[in-house]
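Okay, here's what each chain looks like letter by letter:
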Amino acid sequence: MPSAIAEKTKAQNNHSNKECCYWGYHLILDCKGCDTKKLKDGANIIAFVKELVPAIDMKAYGEPTLAHFATHNPHAAGYSLVQLIETSSITGHFAEQIGDAYIDIFSCKPFDMEIAKKVVSDYFSPEQIKTFFLTRQA
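Every chain begins its residue count from 1, and numbering advances along the sequence as written. Under the rules for a predicted model, residues below a pLDDT of 70 receive no local features and side-chain atom pairs below 80 are neither given nor counted, while totals for whole chains, interfaces and linings still include all residues. Side-chain figures throughout are based on the complete set of non-hydrogen atoms in the structure, without hydrogens or water.

Engineer: What is the right way to read the state of the cysteines from this model?
Structural biologist: Cysteine pairs can be covalently joined through their sulfur atoms, and such a bond is termed a disulfide. Any pair of cysteine sulfurs within 2.5 Å is marked as a disulfide. Summed over the entire model, instances satisfying the criterion amount to zero disulfides. Residue cysteine 31 stays outside any disulfide, its sulfur separated by 5.0 Å from that of cysteine 34, the closest cysteine.

So, in structure tokens, the structure goes:
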């Protein structure tokens, strides 16, 4: 079943008068109460993004970058992720001590945000996901 994003974009792209479409689609997921063992596991985070990319019909551009940051602040310490995709990027920060994950997907190609949320849930088991969605056009 196509997402509302894809349907809206399809309708916009079908206009013969070439009305301007959105430049990009930005999904922001603030995840609370994640399984901290999963957030501390770099291999799990890499597996997550490698499944997410094809699940939302994107193409990875190179390998993901994963680094552990903010060790000076236990509240914020955790892995940060960057995966370039041919249509933009997927980023995330995983605050391992407090069980939070902050994930952003930005693409000029529409994608199904429900599939993205399901993959996040499968890999990090959040108790709650706050979802913000922006359409971008300068």
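Engineer: Can you help me understand the nonpolar core in this one?
Structural biologist: Grouped burial of nonpolar side chains is what soluble globular proteins tend to show. The definition of a nonpolar core used throughout is a set of buried Ala, Val, Leu, Ile, Met, Phe, Trp, Tyr and Cys residues joined through side-chain atoms within 4.5 Å. Accessibility here uses a 1.4 Å probe with only protein chains present; expressed as a share of the type maximum, an area under 20% marks a residue as buried, one over 50% as exposed, and anything in between as partly exposed. Of all hydrophobic cores here, the largest spans 28 residues; its most connected members are Phe48, Phe94 and Phe124. Put simply, DSSP H or I for four residues or longer makes a helix, DSSP E for two residues or longer makes a strand, and each gets a number counted from the N terminus. Every element with two or more residues in this core is listed here: β1 (24–32), α3 (42–55), β3 (78–85), β4 (88–95), β5 (100–107) and α4 (113–124). Considering every element that reaches this core, the biggest residue donor is α4, with six residues. Here a residue-residue contact requires only that any non-hydrogen atoms of the pair lie within 4.5 Å. With residues near it in sequence (within four places) discarded, phenylalanine 94 still touches Leu39, Ile45, Ala77, Gly78, Tyr79, Leu81, Asp100, Ala101, Ile103 and Phe124.

Engineer: I'm lost on unusual backbone geometry in this one. Help?
Structural biologist: Phi is mostly negative for residues that are not glycine, and the peptide bonds are mostly trans. We note that aspartate 57 has phi near 60°; this positive angle belongs to a residue other than glycine. Following the sequence through the fold, aspartate 57 ends up in the loop between α3 and β2 (65–69). One non-glycine residue with positive phi stands out, namely serine 88, at about 155°. Secondary-structure assignment places serine 88 in strand β4. The exposure class assigned to serine 88 is partly exposed, which follows from its relative accessible area of 24%.

Engineer: Could you clarify how one ought to interpret the pattern of salt bridges in this entry?
Structural biologist: A side chain of one charge can pair with a side chain of the opposite charge when the charged atoms of the two come close. The salt bridge definition used is simple: a Lys or Arg side-chain nitrogen within 4 Å of an Asp or Glu carboxyl oxygen. Throughout the structure, instances matching the rule amount to four salt bridges. In this structure, the salt-bridge partner of lysine 117 is glutamate 114, at a minimum N-O distance of 3.8 Å. Of the two residues, lysine 117 and glutamate 114 are both situated in helix α4; the distance of three residues between them amounts to about one turn of the helix. Of the charged contacts in the structure, one is a salt bridge between aspartate 122 and lysine 118, with a shortest N-O distance of 2.9 Å. Separated by four residues within a single helix, aspartate 122 and lysine 118 lie in helix α4, roughly one turn from each other. Residue classification places aspartate 122 among the partly exposed residues on the basis of a relative accessible area of 41%.

Engineer: What exactly am I supposed to notice about the packing of aromatic side chains here?
Structural biologist: Any pair of aromatic rings gets described here by the distance separating the centres and the angle formed by the planes. The rule is short: rings of Phe, Tyr and Trp, with Trp giving its six-membered ring, pair when the centres are within 6.5 Å, and they are stacked under 30 degrees, edge-to-face over 60, tilted in between. One pass over the full model with this rule turns up five aromatic pairs. Ring centres 6.1 Å apart and planes at 85° place the aromatic pair tyrosine 22 and tyrosine 25 in the edge-to-face group. Tyrosine 22 sits in the partly exposed class, given a relative accessible area of 25%. With a relative accessible area of 2%, tyrosine 25 lands in the buried category. Between the aromatic rings of phenylalanine 48 and phenylalanine 124, the centroid separation amounts to 4.9 Å while the plane-to-plane angle is 65°, which identifies the pairing as edge-to-face. Highlighted residues: phenylalanine 48 in helix α3 and phenylalanine 124 in helix α4, separated in sequence by 76 residues.

Engineer: It is not clear to me how the side chain of glutamate 96 should be interpreted in this structure. Could you clarify?
Structural biologist: Checked against the element boundaries, glutamate 96 lands in the loop between β4 and β5. Only four residue types enter the tally: Lys and Arg on the positive side, Asp and Glu on the negative side, with His and both chain ends excluded. The side chain of glutamate 96 sits in the buried core without any salt bridge; lysine 40 is the nearest counter-charge, 5.8 Å away. Residues within four places of glutamate 96 in sequence aside, it is in contact with Thr36, Leu39, Lys40, His68, Ala77, Gly78 and Tyr79.

Engineer: Which parts of the structure should I look at to understand the packing of α3 against α4?
Structural biologist: For any two helices packed against each other, one specifies the inter-axial angle together with the distance between the axes. Across the interface, α3 lies against α4 with an axial gap of 10 Å and an inter-helix angle of 160°. Taken together, α3 and α4 sit at an angle that is classed as roughly antiparallel. As α3 runs across α4, the sense of the crossing is right-handed. Listed contacts from α4 to Asn44, Ile45, Ala47, Phe48, Glu51, Leu52 and Ala55 of α3 are Ile115, Ala116, Val119, Val120, Tyr123 and Phe124. Looking at the contact of α3 with α4 residue by residue, the classes come out as eleven nonpolar, one polar and one charged. Axes here refer to lines fitted to C-alpha atoms; in helices the fit is confined to the stretch in contact. Angles between the N-to-C directions go from 0 to 180 degrees. Angle categories are assigned with fixed cut-offs, so that under 35 degrees is roughly parallel, over 145 is roughly antiparallel, 65 to 115 is roughly perpendicular, and the rest are oblique. What makes a crossing left-handed is the near helix being turned counterclockwise from the far one by less than a right angle; a clockwise turn instead makes it right-handed. Each residue gets one label: Ala, Val, Leu, Ile, Met, Phe, Trp, Tyr, Cys and Pro are nonpolar, Asp, Glu, Lys and Arg are charged, and the others, such as Gly, are polar.

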